[in-house]
Amino acid sequence: MSKDVFVFIEQRDSELQKVGIELLGEARKLADSLNQDVVAMLLGYNIKSKAEMLIHHGANKVIVVDDEILNEYVTEPYAKAVCAIIKKYDPEIVLYGASSIGRDLAPRLASRIHTGLTADCTALEIDEESKNLLMTRPAFGGNLMATILCENHRPQMATVRPGVMQALKNNPDLKGEIVEEKIPFDKSDMNVVIKEVVKVESKKKDITEADVLVSGGRGIGAPDAFNMLGELADLLGAEVSASRATVDAGWIEKDKQVGQTGKTVRPEVYFALGISGAIQHIAGMEESELIIAINKNEEAGIFGVSDLGIVGDVHAIVPKLIELIKKE
Ligand code: FAD
């Protein structure tokens, strides 16, 4: 009988990625509702030392596949290893990050294992009566939220947006089991040749990884105003993000967009500057720990979710803020 909630743990250069840790937190909730365990799947090369950390973040068991062929992410060997684990352990649920790796790996596995996959989920829940997994994701360009279930096949599988789920605090007192699996790889599994890995040199973090975000909306008036936001962000060690109105206007790149059809963020501090607070924007940032909004309209919806609201002109307030920080 299928059992346990499995999480595919993403790593790059042996560094665990945030999304996998977030998924362990969500898997813990789902597993508790089912009275089952959380199992992390950790694949890579020289990676075993990271297994303990996954137990400290909520995994009851970590299955490690440590092999040179898994040094860089390549679809075929990774798919072979995860497929073998799923066939052996027969999980009830398998979660992947909706990252470039998860989006590549999960559909391939769904097809191999003959099960369904709900992509890009923003909420997961166990139905109390049927004990099926309810998987919710935006549909029709974000115009409605669809809840999907996989009734007749196991495992139930989902990719989940980074930044949506909450990681558990690191607890070194948690205990668990580490199991090593050997997969019989052969040369034909490596069907691509990696000649070179070129790293993009960038000081900038992805907005989902930033602790502080300075986010601009149409109210900043013009694309150049993002320079002012960038200056504030640099002083605060923050990243710049944006509303969809500014992305659609071509003022800033799409990967900076926060919201239902952009990215979900959960920083420690979120500055909403000249952002009205449309429901689709709020959906992507309302879990931020501290929300500071500046808007010249005291009725703006953003004030409904902000911890500190300043009614005023961003062009008057932000330069003063920059000046004050520089003086400190
Ligand atoms: P506006 O709504 O134009 O607001 C500008 C604000 O700036 C106003 O509140 C105004 O009072 C204030 N302002 C103006 N001048 C100043 C000034 N000088 N100083 C201070 N304040 C000033 N939106 C997203 O952001 N993310 C999404 O992912 C997203 N997905 C969507 C999906 C769908 C299916 C749909 C239909 C819409 C989506 N939207 C999304 C769009 C959303 O509905 C809003 O249109 C958008 O968020 C508005 O952006 P904004 O707040 O920057 O602009």
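Fair warning: this is a prediction, and the values are worked out from it, not measured in the lab. (Residues numbered from 1 in each chain as written. Predicted model: local features only at pLDDT ≥ 70, side-chain atom pairs only at ≥ 80, totals over all residues. Heavy atoms only, no water.)

**Some words on the sheet that holds strand 7 (residues 118-121)**
Sheet strands pair by backbone hydrogen bonding; their relative direction is either parallel or antiparallel. If you walk across this open sheet you meet the seven strands as 7-11-6-1-4-5-12, and the pairing is parallel. On the outer flanks of this sheet lie strand 7 and strand 12 (177-180), each paired with one strand and no other. Pairs of neighbouring strands in the sheet enclose a mean axial angle of 25°, with direction left out of account. Summarising the sheet, strand 7 and strand 11 (residues 156-160) pair through two bridges and their orientation is parallel. Paired with Cys121 across the two strands is Val160, which belongs to strand 11. (Pairing = 2+ DSSP bridges. Helix = DSSP H or I, 4+ residues; strand = E, 2+ residues; numbered from the N terminus. Axes fitted to C-alpha atoms, helices over the stretch in contact; angles between N-to-C directions.)

**As for the sheet that holds strand 14 (residues 239-242)**
Spatially, five strands are ordered 14-13-15-16-17 in an open sheet, and the strand pairing comes out parallel. Every other strand in the sheet has two partners, leaving strand 14 and strand 17 (308-311) as the edge strands with one partner each. Pairwise comparison of adjacent strand axes, ignoring direction, gives a mean angle of 20° for this sheet. One ladder, built from five bridges, connects strand 13 (residues 212-216) with strand 15 (residues 269-273); its direction is parallel. Its bridge partner being in strand 15, Val212 is matched across the sheet by Val269.

**Description of the pairing of strand 9 (residues 133-139)**
Taken across its seven residues, strand 9 has six buried, putting it largely inside the fold. Bridge analysis of strand 8 (residues 123-126) against strand 9 gives four bridges, and the strand direction is antiparallel. When the bridges of strand 9 are listed, Leu124 appears paired with Met135. Connecting the antiparallel pair strand 8 and strand 9 is a turn made up of six residues, with Lys131 showing a positive phi of about 65°. Where strand 9 meets strand 10 (residues 144-148), five bridges bridge the pair, whose relative direction is antiparallel. Within the sheet, the bridge partner assigned to Arg137 lies in strand 10 and is Ala146. Once strand 9 ends, the chain turns through four residues before running back antiparallel as strand 10, passing Phe140 with a positive phi of about 50°. (Buried < 20%, exposed > 50% of the residue type's maximum accessible area, 1.4 Å probe, protein only.)

**Looking at the nonpolar core**
One recurring pattern in soluble globular proteins: nonpolar side chains tend to sit buried together. With 34 residues, the main nonpolar core has Leu42, Leu54, Val62, Leu95 and Leu124 as its most contacted residues. Element by element, the count of residues in this core is highest for helix 1 (residues 18-34), at eight residues. Among residues more than four places away in sequence, those in contact with Leu124 are Glu26, Leu30, Leu95, Leu133, Leu134, Met135, Ala158, Val160 and Met165. Counting residues in hydrophobic clusters, the runner-up holds 27 residues, among them Phe6, Ala79, Val82 and Ala110. (Core = buried A, V, L, I, M, F, W, Y, C linked by side-chain atoms within 4.5 Å. Contact = heavy atoms within 4.5 Å.)

**Notes on the UniProt feature "domain: Electron transfer flavoprotein alpha/beta-subunit N-terminal" (unreviewed entry) in the chain**
Feature annotation in UniProt places "domain: Electron transfer flavoprotein alpha/beta-subunit N-terminal" (unreviewed entry) on residues 5-194, given in this structure's numbering. From the first C-alpha to the last, residues 5-194 spans 33 Å; its make-up is 27% helix and 29% strand. (UniProt positions renumbered as here; feature names shortened; annotations may be inferred.)

**Here we look at the pattern of salt bridges**
All chains considered together, the criterion is met by 18 salt bridges. Asp4 is the partner of Lys3 in a salt bridge, and the nearest nitrogen-oxygen pair spans 3.2 Å. Lys3 gets classed as partly exposed once you look at its relative accessible area, which sits at 44%. Classification of Asp4 by relative accessible area gives buried; the value is 9%. Arg244 serves as the salt-bridge partner of Asp248, at 3.1 Å between the closest nitrogen and oxygen. Within this pair, Asp248 and its partner Arg244 are both found in helix 6 (residues 244-248), separated by four residues, close to a single helical turn. Overall, the relative accessible area of 42% leaves Arg244 in the partly exposed class. Three or more residues are tied together by salt bridges with common partners; here these are Lys48, Glu180 and Lys182. (Salt bridge = Lys/Arg side-chain N within 4 Å of Asp/Glu carboxyl O.)

**Brief notes about the packing of aromatic side chains**
Per the counting criterion, the structure on display carries four aromatic pairs. Residues Phe8 and Tyr78 carry aromatic rings whose centres are separated by 6.4 Å and whose planes lie at 80° to one another, so their mutual orientation is edge-to-face. With Phe8 in strand 1 (residues 5-9) and Tyr78 in helix 3 (residues 75-89), this pair connects stretches of sequence that are 70 residues apart. Tyr78 matches Phe8 in its accessibility class, with the two residues each being buried. Aromatic side chains Phe8 and Tyr96 sit 6.2 Å apart centroid to centroid with 35° between the ring planes, which places their arrangement in the tilted category. On the criterion of sequence distance, the pair formed by Phe8 in strand 1 and Tyr96 in strand 6 (residues 93-97) is long-range, its members being 88 residues apart. (Phe/Tyr/Trp six-rings, centres within 6.5 Å; stacked < 30°, edge-to-face > 60°.)

**Quick look at the side chain of Asn132**
Tracing the sequence through the fold places Asn132 in the loop between strand 8 and strand 9. When near neighbours in sequence (up to four residues on either side) are disregarded, Asn132 contacts Glu125, Ile126, Asp127, Cys150, Glu151, Arg154 and Gln156.

**Side note on helix 1**
With 17 residues, helix 1 extends 25 Å between its outermost C-alpha atoms, agreeing within 8% with the 24 Å of an ideal straight helix rising 1.5 Å per residue. A large share of helix 1 lies buried, amounting to 13 of its 17 residues. Once helix 1 ends, the next one or two residues include Asn35, with phi positive near 60°. (Expected span 1.5 Å × (residues − 1).)

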